[in-house]
Amino acid sequence: MRGGVRKNAGRSKVNPEMKKITKSIHVSPQLLEKIQNLTIDGFDSFSSKCQYLLTEGYNTIMKQEKQSNDKLTFIDLFAGIGGIRQGFEDVNTKCVFSSEWDKFSAKTYEANYGEAPYGDITQIDEKDIPKHDVLLAGFPCQPFSHIGKREGFGHETQGTLFFDVLRILKYHMPKMFLLENVPGLLTIQKGETFRVILENLESLGYSVFYDVLDAQNFGLAQVRKRVVIVGFHPNLNISSFAFPQGNRETRTPISSILEKNPKGYSISEHLQKSYLFKQDDGKPQVVDSSSNLQVKTLVASYHKIQRLTGTFVKEGETGLRLFSELECKRLMGFPDDFIIPVSRTQMYRQMGNSVAVPMIRAVANAMKEELSLALKITNHKELKVNYA
């Protein structure tokens, strides 16, 4: 008998990917019964069913992770109750960081978005903020005390919260940014503040555009003008941006968003006589279910019942009342089911400090379209960024 190995003798080599390893897992009696009773074509044994379910589950998680990684990431600074986020966020975006110092606003933010924003942005190092594609910020309107003193990056803005926006932009250089502020930003310090803002943003290389938009042109029943500033990374080569202007012809009347006799919002007859209507000068603004106009800007001090800035509803036990919580949400463009877990005073402050959601959404959509077009032209998703 000759020595050697007979052809095809012995065990055949097993593809490492097909090789099975024995592992023990613990399942509840209920889950065990569900798997045993499960009918899966081609998988009859308990072991094969488990392997199928594990494979399917793993693939699903990997698919979700890929979809998550493909999303446009953004950070939400000076977030308030999340008005800008409400307008920017959609199924193709993902918030990776938020910041809000006011504890009451943070409480409302967490109640609606399921995450507590970080606190004071001035105390957060830009290096600790996650990488992101878009920066959103409704920074406060503050004058600059260092105007004219050119002493290094952003020196004229130091000591203001805009400087924090600037330093984060400089470090991360996201694809886009969206900033929102009151129109007074354009005129304080005879326009010098706004000039410094634009110069500093442009010094980073961004293509910067701005416009003053009015909420009443975007389906809201109030006059609310705000300046919106957007910027695009220099590598995107975006040289123009058309701000949406909304619809100036068809507007929403205040009567269409009013509730019928909501309880607890009445203004006392004494306050009406002694203060609100002490002068016959047409103030304050009063509306009812037949009013076909857009009301004055909802301000953060609305709860103080001010005759010059306030708008009130002719209705209720005393004949006059404040806007209800639901009406405030509708005035700002928040969904009716938006959660308000704070006091009424805080609710009025938060709504008055927030943004016109549909207006922000229109700008955000235009920005996303511009970005999509630019990425197709440049044929790359990731922009080359040099971190400081």
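Residues numbered from 1 in each chain as written. Predicted model: local features only at pLDDT ≥ 70, side-chain atom pairs only at ≥ 80, totals over all residues. Heavy atoms only, no water.

K.L.:
Hey, could you run me through empty space enclosed by the protein in this one?
P.N.:
Where empty space is left becomes clear once a probe the size of a water molecule has been rolled over the atoms. In the structure shown here, the tally under the stated rule is 1 cavity of 30 Å³ or more. Its volume calculated, the largest cavity comes out at about 40 Å³. Around the largest cavity, the lining residues are Lys-296, Thr-297, Leu-298, Val-299, Tyr-302, Thr-309, Gly-310, Thr-311 and Phe-323. Looking at the lining of the largest cavity residue by residue, the classes come out as 4 nonpolar, 4 polar and 1 charged. (1 Å grid on protein atoms, 1.4 Å probe; cavity = no way out; pocket = protein on both sides within 12 Å on 5 of 7 lines; lining within 4 Å. Points joined across faces, edges and corners; volume = space filled by probe spheres on them. Nonpolar A, V, L, I, M, F, W, Y, C, P; charged D, E, K, R; others polar.)

K.L.:
So what exactly am I meant to see when it comes to the pairing of strand 3 (residues 134-137) here?
P.N.:
The side chains of a regular strand alternate, first on one face of the sheet and then on the other. Side-chain alternation along strand 3 places Val-134 and Leu-136 on one buried face and Leu-135 and Ala-137 on a second face that is also buried. Across 4 bridges, strand 1 (residues 72-77) lies against strand 3 in parallel orientation. Bridged to Asp-76 within strand 3 is Leu-136. (Buried < 20%, exposed > 50% of the residue type's maximum accessible area, 1.4 Å probe, protein only. Helix = DSSP H or I, 4+ residues; strand = E, 2+ residues; numbered from the N terminus. Pairing = 2+ DSSP bridges.)

K.L.:
Please explain the sheet that holds strand 2 (residues 93-98) as it appears in this structure.
P.N.:
If you walk across this open sheet you meet the 6 strands as 2-1-3-4-6-5, and the pairing is mixed. Two strands lie at the open edges of the sheet, namely strand 2 and strand 5 (207-214), each paired on one side alone. In this sheet, neighbouring strand axes are inclined to one another by 20° on average, regardless of whether the strands run parallel or antiparallel. Both strand 5 and strand 6 (residues 225-232) contribute to a ladder of 8 bridges, which runs antiparallel. What sits directly across from Asp-214, in strand 6, is Lys-225. Relative to strand 5, helix 6 (residues 192-203) is tilted by about 140°, and along the sheet it contacts strand 4 (176-181), strand 5 and strand 6. (Axes fitted to C-alpha atoms, helices over the stretch in contact; angles between N-to-C directions. Contact = heavy atoms within 4.5 Å.)

K.L.:
Which parts of the structure should I look at to understand the nonpolar core?
P.N.:
If you look at soluble globular proteins, the nonpolar side chains tend to sit buried side by side. In terms of nonpolar packing, the biggest core is built from 64 residues, with Leu-178, Val-230, Phe-232, Ile-254, Phe-323 and Met-351 touching the most fellow members. Take this core: its biggest share by element is 10 residues, from helix 10 (residues 357-378). Discounting chain neighbours no more than four positions away, the residues touching Phe-323 are Ile-254, Leu-258, Tyr-265, Val-295, Tyr-302, Thr-311, Val-313, Cys-328, Leu-331 and Tyr-348. Core analysis: the next-biggest nonpolar cluster, separate from the first, contains 29 residues, Phe-162, Leu-166, Ile-197 and Leu-201 among them. (Core = buried A, V, L, I, M, F, W, Y, C linked by side-chain atoms within 4.5 Å.)

K.L.:
What's the story with the pattern of salt bridges in this structure? I'm lost.
P.N.:
Counting across every chain of the model gives 14 salt bridges. Through salt bridges that share partners, Arg-85, Glu-89 and Glu-115 make up one connected network. (Salt bridge = Lys/Arg side-chain N within 4 Å of Asp/Glu carboxyl O.)

K.L.:
Sorry, what's going on with the confidence of the model for the chain here?
P.N.:
When pLDDT drops low, the exact placement of atoms in the prediction is not to be read closely. Per-residue pLDDT for the chain averages 88, and the proportion of residues at 70 or more is 86%. Contacts for the low-pLDDT stretch residues 144-154, under 50 throughout, to residues beyond four places or in other chains number 32 contacts. Low confidence marks residues 384-388, where pLDDT is under 50. Its contacts with residues over four positions away, or in another chain, come to 9 contacts. (pLDDT = per-residue confidence, 0-100.)

K.L.:
Please clarify how unusual backbone geometry should be interpreted in this entry.
P.N.:
Trans peptide bonds make up most of the peptide bonds, and negative phi angles are found at most residues other than glycine. The omega torsion of the bond from Lys-283 to Pro-284 falls at -5°, within 30 degrees of zero and hence cis. Residue placement: Pro-284 occurs in the loop between helix 7 (269-276) and strand 7 (285-287). Of note in the backbone geometry, Phe-78 takes a positive phi value of approximately 50° without being a glycine. Inspection of the secondary structure puts Phe-78 in the loop between strand 1 and helix 3 (83-88). Judged by relative accessible area, Phe-78 falls into the buried class, the value being 14%. Not every positive phi belongs to a glycine, and Asn-237 is a case in point at roughly 55°. Take Asn-237: it is sitting in the loop between strand 6 and helix 7.

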